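# Inside the fold
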Amino acid sequence: MSGWAVFHFAYLQNAVLAGLLGGAACAVVGVFVVTMHLSFLGVGIAHAAFAGALFSLLVGAPPLVGALLFGLVTAASVGPLADRAEFGPDTATGILFSLMMGLAFLFLGLTPGAKTEALGLFWGSILTLTRGDVLVLAAVAGALAAFLILFYKEIQAVVCHRQVAQAVGIPAAAVTYGILLMTGLVIACALPGVGGLLVYTLVINPAAAAHQLTWRFRSMLLLAAAFGVLSCWTGLALSWMFNLPAGAVIVLVSTAVFAAAAVFSPKRKAARWTEKNAAA
């Protein structure tokens, strides 16, 4: 079977829609993470969501419930922990990451049976998502879009210059916590499709690629979203044609997109020009 006929299958329709919604949402929150130099945050929240999903399996609850709970609690804890302990967000994320890794292995060890479903959460499978999963992603993508539309100026100010934003009266802490919570929400909901091991790369790679190509925040958001969707759809097509794991191929495509952006980056060329002139 070839061409458009493959989309007669409901599971492929769900996968394509999930790639559109999840790819765009992950990439947009990735712009926040990359611009604020919090790349490790994506790793920490992804593993927290994975630990939460395993906990839900252990107690017989839907995995998404635990993923959301643990992901949001971790995201909400990073800011206050960093502020009160007077060290950077990466240190706070590292502390929470180690805790969540320990819990994930504990829950995995306590899970009875063959652990097939638990390992499925680890690797993810966008081809097994249901229409309900897609609706959840749609709701999350809509919430992220509303957050951006309502607070775009405040988000841009905090992401680019937090100290300046705070100095002019913008509630920088509240906006930062909002960004962290949206990041946790998106990563937790994308977990079943991409997997706990790989989801943070879908957050980082498209955003990092966009960061290579533009200085404008709005353009960065749009490019990152486009790269996220491109990675998901291209990865799906390749996995279908060559019978490969979809999540892994999506991540490899997103890495290739970043590599191409880095090669053709105007920022890279500008840096070389500056170094050349400084040396002269």
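Because the structure is predicted, anything quoted here is derived from the model rather than measured.

## Focus: the overall build of the protein chain
A count of helices and strands for the protein chain gives twelve helices and zero strands. Along the protein chain, from the amino end to the carboxyl end, the secondary structure elements read α-α-α-α-α-α-α-α-α-α-α-α. Put simply, 74% of the contacts in the protein chain that link residues at least 6 apart link residues at least 24 apart. Within the structure as shown, the protein chain displays about 13400 Å² of accessible surface, and the carbon and sulfur contribution to it stands at 71%.

## A short note on helix H1 (residues 10–35)
The terminal C-alpha atoms of H1, which comprises 26 residues, lie 37 Å apart, in line with the 38 Å expected from a rise of 1.5 Å per residue. Residue histidine 37 follows H1 closely and has a positive phi angle near 60 degrees.

## Considerations on the packing of helix H2 (residues 39–59) against helix H8 (residues 172–194)
At a minimum axis distance of 9 Å, the contact between H2 and H8 shows a crossing angle of 50 degrees. With respect to each other, H2 and H8 are oriented oblique. By crossing handedness, the relation of H2 to H8 is classed as right-handed. Residues Leu41, Gly42, Ile45, Ala46, Ala49, Phe50 and Ala53 of H2 pack against Leu180, Thr183, Gly184, Ile187, Ala188 and Leu191 of H8. Here the contact of H2 with H8 is composed, by residue class, of ten nonpolar, three polar and no charged.

## Points about the side chain of threonine 74
By secondary structure assignment, the location of threonine 74 is in helix H3 (residues 63–85). On the accessibility criterion, threonine 74 (3% relative accessible area) is buried. If sequence neighbours within four positions are ignored, threonine 74 has contacts with Gly44, Ala48, Leu96 and Met100.

## As for the packing of aromatic side chains
Throughout the structure, instances matching the rule amount to six aromatic pairs. Measuring from centroid to centroid gives 6.3 Å for phenylalanine 70 and phenylalanine 107, while their planes differ by 80 degrees, and the two rings are edge-to-face. With phenylalanine 70 in helix H3 and phenylalanine 107 in helix H4 (residues 89–110), this pair connects stretches of sequence that are 37 residues apart. Since its relative accessible area comes to 14%, phenylalanine 70 is described here as buried. Take phenylalanine 107: its relative accessible area is 9%, and that puts it in the buried class. Geometrically, the ring pair formed by tyrosine 152 and phenylalanine 217 is tilted, given 5.9 Å between the ring centres and 40 degrees between the ring planes. Taken together, the residues span a long stretch of sequence, with tyrosine 152 in helix H6 (residues 131–160) and phenylalanine 217 in helix H10 (residues 217–242) at a distance of 65 residues. Residue tyrosine 152 shares its accessibility class with phenylalanine 217, and that shared class is buried. Members of the aromatic cluster, connected to one another through ring pairs, are Phe55, Phe70 and Phe107. The cationic tip of arginine 218 hangs over the ring face of tyrosine 152; the distance from NZ or CZ to the ring centre is 4.5 Å.

## Some remarks on the environment of alanine 75
You can see alanine 75 is positioned in helix H3. Take alanine 75: its relative accessible area is 0%, and that puts it in the buried class. Taking the C-alpha atoms as reference points, alanine 75 and glycine 184, separated by 109 residues in sequence, lie 5.4 Å from one another. Residues within four places of alanine 75 in sequence aside, it is in contact with Ile45, Leu180, Leu181 and Gly184.

## Thoughts on unusual backbone geometry
Positioned with a positive phi, histidine 37 is a non-glycine residue whose angle comes to about 60 degrees. Inspection of the secondary structure assignment puts histidine 37 in the loop between H1 and H2. Here histidine 37 falls in the exposed class, since its relative accessible area comes to 65%. Located in the positive-phi region is asparagine 243, a residue other than glycine, with phi close to 55 degrees. You can see asparagine 243 is positioned in the loop between H10 and helix H11 (246–263). Among the residues examined, asparagine 243 registers a relative accessible area of 72% and is labelled exposed.

## Focus on the nonpolar core
By size, the foremost hydrophobic cluster in this structure holds 67 residues, and its most contacted members are Phe32, Ile126, Leu144, Ile155, Ile179, Phe217 and Leu221. Sequence-distant contacts of phenylalanine 32, that is, excluding residues within four places in its chain, are made with Leu144, Leu148, Ile155, Val159, Ile179, Phe217 and Leu221. The next biggest cluster of nonpolar side chains, apart from the first, holds 17 residues, and it includes Phe50, Leu57, Phe107 and Ala118.

Rules behind the numbers
Residues numbered from 1 in each chain as written. Predicted model: local features only at pLDDT ≥ 70, side-chain atom pairs only at ≥ 80, totals over all residues. Heavy atoms only, no water. Helix = DSSP H or I, 4+ residues; strand = E, 2+ residues; numbered from the N terminus. Contact = heavy atoms within 4.5 Å. Areas by Shrake-Rupley, 256 points an atom, 1.4 Å probe, with all protein chains shown as cover. Expected span 1.5 Å × (residues − 1). Axes fitted to C-alpha atoms, helices over the stretch in contact; angles between N-to-C directions. Parallel < 35°, antiparallel > 145°, perpendicular 65-115°, else oblique. Left-handed = near helix turned anticlockwise from the far one by under 90°. Nonpolar A, V, L, I, M, F, W, Y, C, P; charged D, E, K, R; others polar. Buried < 20%, exposed > 50% of the residue type's maximum accessible area, 1.4 Å probe, protein only. Phe/Tyr/Trp six-rings, centres within 6.5 Å; stacked < 30°, edge-to-face > 60°. Lys NZ or Arg CZ within 6 Å of the ring centre and 35° of its normal. Core = buried A, V, L, I, M, F, W, Y, C linked by side-chain atoms within 4.5 Å.

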